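# Chain and residue survey
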Amino acid sequence: MIGQKRYDGLRALAAAAAGRSMLHVNATAYGGGVAEILQNLIPLLRDAGVDAHWAVLDAPAEFYEITKKIHNALQGMKLDLSEAEQKVFLDVARENAAQLRQADVVLAHDPQAVALRHFAGARGAGWVWRCHIDLTTAYEPVWSFLRPYVDEHDASIWTMPEFVRPGLRMRRVLIQAPTIDPFSVKNREMPLAEAHEVVRAFGVDLERPMLLQVSRFDPWKDPLGVIDAYRLAKKKVRDVQLVMIGSLADDDPEGQEYLDRTRKHAAGDPDVFLFTNLDGVKDREVNAFQRVSTVVIQKSLREGFGLVVAEALWKEIPVVAGKVGGIVIQIQDGISGYLVSSPAECAARTIDLLSDPALRKRMAAAGREHVRENFLITRDLRDQLELVANLASPARKS
Ligand code: UDP
């Protein structure tokens, strides 16, 4: 899948990193892109000889209310953190830092884990912070609160150069976009007959065109805008259906509320289907739904990367997506999908695709090649091995 040369390069890096230990820390074991990445990356790192581990923060519900607020502020909302909220945030970091296992390299993901390094003390590890969020419109007071903790790391990883905040003090500022695992349950090949069988059980009519958005129920994913776009498209393509799948992630307290709002907005339309993990829509089902959809929508208003875009393109499904954040490095507008900035534009491009099978095929094929070149997990594995080889102190190699 990746060619002999890249495979040989991976082997050489694996030899340099073998025997060293690495610890990834994030906020949730389930739901959302970071958990998705770690679930696939940790076993691969272990196969490559790295003693890789994954720890999830242990925190009360109140912490996730605060970190969701931080997340929203970093995506541009004007939200201030009270002193009491800052204290809860830091107390959780202090308590979790005390429990962390020793590792040569620790990789803390996103704002939730950013202050661990501050409380972990000098333990000889290399510390990396990976930011999965688009910080270009971050609300400055909240970024200023986090920033000193970011600066304590030896390296940071960002999805796009545009996301990097100016004036970081660390020496290594790396650009690495997330990737998908083509062999995971979510992405591996699945015969179309099997996919049909899975989706039919949910009551969707496979004879009719289907639009799909797979996303947490979150204002930034614009589920209400997706329904508006679907309604506009339905004026032209009368038999189109819309499926929206959204897991309720452990670290996302807004999920249920936004699902309720979305359901209300759908107003009982029998051609709109809303499913969650609680309906039994897990990785295999997401795989099946993505494969049988006619067009995938990802109408985000902000997006760090948007793994779901790569997942759909890999399955050769054309994507219409918000012209924001990391989506723009996945879709070359008009070649491997369409980038849009409003429900009306989303509807227009969706209609173009629904009414032109040859266009769908052409775009989908270009999309798959773009993912193969840039966003397969072997690339992430290579970058991680490089990090381990470079950051772990030679003295610690066993
Ligand atoms: N996902 C899922 N079920 C859902 C919703 C999302 O499995 O109901 C997965 C989706 O397939 C993708 C990840 O969660 O792998 C979401 O990652 P993305 O980068 O698109 O968005 P994030 O949630 O990190 O903002």
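Everything below is about the structure printed above this text.
Not measured: the values here are computed from a predicted model.

Quick notes on the rules
Residues numbered from 1 in each chain as written. Predicted model: local features only at pLDDT ≥ 70, side-chain atom pairs only at ≥ 80, totals over all residues. Heavy atoms only, no water. Helix = DSSP H or I, 4+ residues; strand = E, 2+ residues; numbered from the N terminus. Buried < 20%, exposed > 50% of the residue type's maximum accessible area, 1.4 Å probe, protein only. Contact = heavy atoms within 4.5 Å. Areas by Shrake-Rupley, 256 points an atom, 1.4 Å probe, with all protein chains shown as cover. Lys, Arg positive; Asp, Glu negative; His and termini not counted. Charge placed at Lys NZ, Arg CZ, Asp CG, Glu CD. Pairing = 2+ DSSP bridges. Axes fitted to C-alpha atoms, helices over the stretch in contact; angles between N-to-C directions. Near = heavy atom within 4 Å. Polar contact = N/O pair within 3.5 Å; in protein donor to acceptor, adjacent residues only side chain to side chain.

## Things to note about the overall build of the chain
If you tally the helices and strands in the chain, you get 14 helices and 12 strands. Taken along the three principal axes of its C-alpha coordinates, the chain extends 65 × 55 × 35 Å. Sorting the 398 residues of the chain into buried and exposed places 59% on the buried side. For the chain, contacts bridging at least 24 residues in sequence account for 72% of all contacts bridging at least 6. Accessible surface computed for the chain: about 16300 Å², of which carbon and sulfur atoms make up 51%. Side chains of the chain give 50 positive and 53 negative charges; the mean places of these two sets differ by 3 Å.

## Thoughts on the sheet that holds strand S4 (residues 126–131)
Sheet architecture is open: six strands sit in the order S2-S1-S3-S4-S5-S6, paired in parallel fashion. Strands at the two margins of the open sheet, each flanked by one partner only, are strand S2 (51–56) and strand S6 (172–175). Strand-to-strand, the axes of this sheet are offset by a mean angle of 20 degrees, without reference to chain direction. Sheet analysis places strand S1 (residues 21–26) next to strand S3 (residues 105–109), joined by four bridges and oriented parallel. Along S3, the bridge assignment pairs Val 25 with Ala 108. Against the sheet, helix H2 (residues 33–47) engages S1, S2 and S3, with an angle of about 155 degrees to S2.

## Examining the site of the ligand
Close to the ligand lie 17 residues, the nearest being Gly 33, Lys 186, Lys 221, Ser 247 and Glu 311. Lys 186 places a polar side-chain atom, nitrogen or oxygen, 2.6 Å from an oxygen atom of the ligand. Gly 246 is positioned with one of its backbone polar atoms (N or O) 3.4 Å from an oxygen atom of the ligand. Elements represented by at least two residues in the shell around the ligand include exactly H2 and helix H11 (307–314).

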